[in-house]
Structure formats: C-alpha cells, structure tokens
Amino acid sequence: MPEFRFEPVQMPPAATRLRAEVRGFLDEEKAKGTFAPTVGAMVAADPSFSARLGARGYLGMTWPKQYGGHERSALERYVVVEELLAAGAPVMAHWIADRQSGPQILKHGAERVKKMILPEIASGRCFFAIGMSEPDTGSDLASVKTRAVPVEGGFRVTGRKVWTSYAHMAHYVIALVRTGGRPEDRHVGLTQLIVDMKSPGIEVRPIINVYGAHEFNEVAFDDVFVPEDMSVGGIGNGWAMVTSELAFERSGPDRFMSTYPLLVEAFREIGESPNASEAAELGRLVAHLATLRRMSTSIAGMLNEGKSPVTEAALVKDLGTTFEQSIPEITRRLLPLEPRGGGNGQAYDGLQQLAQMQAPCYSIRGGTREILRGMIARGLGLR
Ligand SMILES: Cc1cc2nc3c(=O)[nH]c(=O)nc-3n(C[C@H](O)[C@H](O)[C@H](O)COP(=O)(O)OP(=O)(O)OC[C@H]3O[C@@H](n4cnc5c(N)ncnc54)[C@H](O)[C@@H]3O)c2cc1C
C-alpha cells in the first residue's frame, strides 16, 4: 500500500531570524492601529497593508529576482505566512496571487506574462482571484461550461463563475475554461486562462455572506477577449494545472490557522491557572497544532524540492480544517460568551462570534471534506 511521507524539516537559521523581523513589523503595525486581529485567515483585505508587505520583500519571496522575487527559501516564506496568520493580519488582497497564481505563472506562464505580472504581485499591488467554480460546477470541476472560443490572437470567453473570492478587488482572475470538447469530455479540452478584470464584457456581482460581508462574487464573462499567451500551462492542459495548483492551495498554514487568534484570546481569558478540564482541552489543541505544523512544513519542504505532494496536501487540509473548526466549538464550551474578566474579553467575544459563523466554510472552500477524503483514499490505494 502506498505510504504518506512527512519527512521532518529543520527551520534554517535565516528563517528564525526572519521570524523575529516579521514579528517586529507586525507589532509596529498593531501599535499604529492599522489592523485589529481577526479570524478566517483569508477574509480581511487591506491593499495598503499588502503594499507594505511587498515593500518589505515579504511577497513573491521564493521567486527569481529577475521577476521581482527575493530568491528566499520556501521555509522562509512559510515563516512569514505563519506570523501573518498568527497575528490575524489582513492578508486577503494579495493572498491568492502570492500563494498560487504567481507560482503557477512562474512555472507555466509565457515570458511576456511573467515579466508583466510577477513583479507587480511581488510589490503587493496586483491581486488575483480563482475562477474555478460555476453555478453547476463545484466539486465536479471537470464539468465546467465556461467556454473559450479561438479567435485571431487569442480567445473569446463566455460563461459564469461563482463564489469567486475577492474578484471585486482582483486585477486578474485565472479562469478554468473549456477550449475544446464538450462538458461530457471531462478532463480533456480544459485550459486555465489569465483574464484581465478590466477587459470589456466582465461583470462582477457581489454575493453577501452569512455575516453580512462582501467576500465572494459571481463573475459573468460575455465574449471577453483574452490574448493567446495568457494561458497557464498551454491550451488543453487545464486539468493538470488545476490539480498541481491545489497542492499549493491546500497545504499551507492558512488551512489550520484560521481560528488561531481565537485560541490565543481563549488562553488570555482562561489565564495562567486553568482547571483540569481547561488544561486538558487546551493542551490537546496545542498538540494537534504542533502536529499539523510539522506536516505542513514538511510539505513546504517537498514543494521547495519541486515535488507535487497532492495527497499529503489533501490530508493536511482535511485534518487542518477539522482542527480550526474545533477551536470555536471547544473554547465556547470552556468560556461563556460573557467574558470572565482578567483578559481582553471584548476581543474574545468578537472573534468567537465571527468564528462561529465562519467555521462551516473552512471545510468547503478549496475542496470539500468528502472530496479530500476520496483523494486520500485513492492516494492510499483504497479505491
Ligand atoms: C468561503 C468560500 C470561498 C470560496 N472561494 C472560491 C473561489 O475563490 N473560487 C472558486 O472557484 N470557488 C470558490 N469557492 C467554491 C468552493 O470551491 C466550492 O463551494 C466547493 O468546491 C464545493 O462545491 P459546491 O459548492 O458546488 O458543492 P457540491 O460540489 O455541489 O457539493 C455539495 C456536497 O456534496 C458533496 N459531494 C459532492 N461530490 C461528491 C462526491 N463525488 N463524493 C462524496 N461527496 C460529494 C460535497 O462534499 C458537499 O458536501 C469558495 C467556497 C467558499 C465556501
């Protein structure tokens, strides 16, 4: 039976030094009041904060300098991401571009496109959205109907995407479209196209979520022109591109740290003398966190070596989202919503309320629990 491999990874000294530097930066930002910690990992957006991260060299960190990157290791990038999430910082504006669109373009994009887009992402001034899901296409991504018809110099795209997070702030969306065959042809004939959100024919319609926030959208494409070199990985290779992209999307600390700021506030509220059940519950959460972190850094090491650990990434996301969903559940049992004094009760209350409403989505976004478990079973040779 195939095995999972999560080789341990040693953080290099450069990463440890960088951690202190990032913490210093975040402390300064908090002192200036530029953000209040929030839960959700990828929900709060502030383009000016993203630009400040870019100016400090915290975006496009692993990319070559010729494309605006900083040629640092995946583990140094990991440390920056981890500190941003631990602080509950507003990272969403640049998140998708830095985490997955940029790496995909670097690996599979045309030279003109790399030169045009990657330095902009690294500067924190260019944001991306993911255009995979459609009104009748979610888990079953291979059934996408949005169609790109070849025309002189490129394609004309027509169709509809849905749940497109932060499309209203994005400069580009990478859309999974059908460039050949019929929806019944499944994996054949799919292509990932980089679509400029300023193109004529695009309409972004807000979808307001359960806690009243505008985070995702419906995006309609009506005969939108896309130049032919704006594909990722070439025409007809969309399925392979999507599959490898999801390894970047699923294994990072954003898949288990969404409610970490709430855990920190719960510790503050409970104080230094927890009773036996508080100590046991919080201790278990910390042990799970340490294990997930070890698995996720191991995947960062594999990605650094150019591997595509798709099954391992699915496992981290499944375990990770279960963990981040359990934090509001467990802390709610330990702490009544009315703060007990001593800590910063207001912060705890706010984060707890938001986490309660948000948590169900953690195991849907980026691939549902059932789909991930199917992939893990397949990876283990069980189906
Ligand atoms: C907060 C949030 C942000 C999102 N952002 C984006 C984004 O930016 N871009 C984007 O493209 N999409 C985005 N999505 C969409 C997300 O990827 C889809 O919601 C997800 O893939 C599930 O698709 P669906 O909603 O169509 O559900 P369906 O696929 O209809 O699934 C419904 C239920 O059936 C189960 N199910 C489906 N097929 C199977 C199967 N074969 N075996 C077992 N069970 C199955 C699912 O697990 C689920 O429980 C976002 C979603 C959320 C919640």
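Quick notes on the rules
Residues numbered from 1 in each chain as written. Predicted model: local features only at pLDDT ≥ 70, side-chain atom pairs only at ≥ 80, totals over all residues. Heavy atoms only, no water. Domains from an automatic or database assignment. Contact = heavy atoms within 4.5 Å. Buried area = accessible area lost by both parts, 1.4 Å probe. Salt bridge = Lys/Arg side-chain N within 4 Å of Asp/Glu carboxyl O. Helix = DSSP H or I, 4+ residues; strand = E, 2+ residues; numbered from the N terminus. Buried < 20%, exposed > 50% of the residue type's maximum accessible area, 1.4 Å probe, protein only. Pairing = 2+ DSSP bridges. Polar contact = N/O pair within 3.5 Å; in protein donor to acceptor, adjacent residues only side chain to side chain. Core = buried A, V, L, I, M, F, W, Y, C linked by side-chain atoms within 4.5 Å. Expected span 1.5 Å × (residues − 1).

Caption draft 1: Structural detail: the domain arrangement of the protein chain. Domain annotation for the protein chain reports domain 1 (13–126), domain 2 (130–237) and domain 3 (251–379). The interface is formed by 22 residues belonging to domain 1 together with 17 residues belonging to domain 2. In total, about 1400 Å² of surface goes out of reach between domain 1 and domain 2, with carbon and sulfur atoms giving 70% of it. At the boundary of domain 1 with domain 2, the tally comes to one salt bridge. With a shortest N-O distance of 2.6 Å, Arg-112 and Asp-229 are connected by a salt bridge. For the side of domain 1 that touches domain 2, the elements supplying multiple residues, two or more each, are helix H4 (92–108) and helix H5 (111–122).

Caption draft 2: Just the pattern of salt bridges, in detail. Following the criterion strictly, the structure yields 24 salt bridges and no others. For the salt bridge of Lys-114 with Glu-111, the shortest nitrogen-to-oxygen distance reads 3.9 Å. Separated by three residues within a single helix, Lys-114 and Glu-111 lie in helix H5, roughly one turn from each other. A relative accessible area of 12% places Lys-114 in the buried class. On the basis of relative accessibility, which here comes to 35%, the residue Glu-111 falls in the partly exposed class. Arg-205 is the partner of Glu-218 in a salt bridge, and the nearest nitrogen-oxygen pair spans 2.8 Å. Of this pair, Glu-218 sits in strand S7 (residues 214–227) while Arg-205 sits in strand S6 (residues 202–208), and the two are 13 residues apart along the sequence. What makes Glu-218 buried here is its relative accessible area of 15%. Connected through shared salt-bridge partners, Arg-19, Arg-23, Glu-82, Glu-83 and Arg-293 make up one network.

Caption draft 3: Summary view of the pairing of S6. For S6 and S7, the ladder comprises seven bridges, and the chain directions are antiparallel. Its bridge partner being in S7, Ile-208 is matched across the sheet by His-214. Connecting the antiparallel pair S6 and S7 is a turn made up of five residues, with Gly-212 showing a positive phi of about 80 degrees.

Caption draft 4: Layout of the environment of Asn-275. Among the secondary structure elements, Asn-275 is positioned in the loop between helix H7 (260–270) and helix H8 (276–304). At 2.8 Å, the side chain of Asn-275 and the backbone nitrogen of Glu-278 are in polar contact.

Caption draft 5: Main features of the nonpolar core. Among the nonpolar cores identified, the biggest contains 99 residues, and Leu-26, Phe-49, Ile-117, Phe-128, Ile-194, Val-195 and Phe-221 are the most heavily contacted of them. Setting aside residues no more than four positions away along its own chain, Phe-128 makes contact with Ile-96, Ala-97, Ser-101, Ile-105, Ile-117, Ile-121, Ala-170, Tyr-172, Ile-174 and Ile-194.

Caption draft 6: Examining H8 more closely. Under the 1.5 Å per step criterion, the end-to-end length of H8 is 42 Å for 29 residues, consistent within 8% with the ideal 42 Å. Within two residues after H8, Gly-306 carries a phi angle of roughly 85 degrees, on the positive side.

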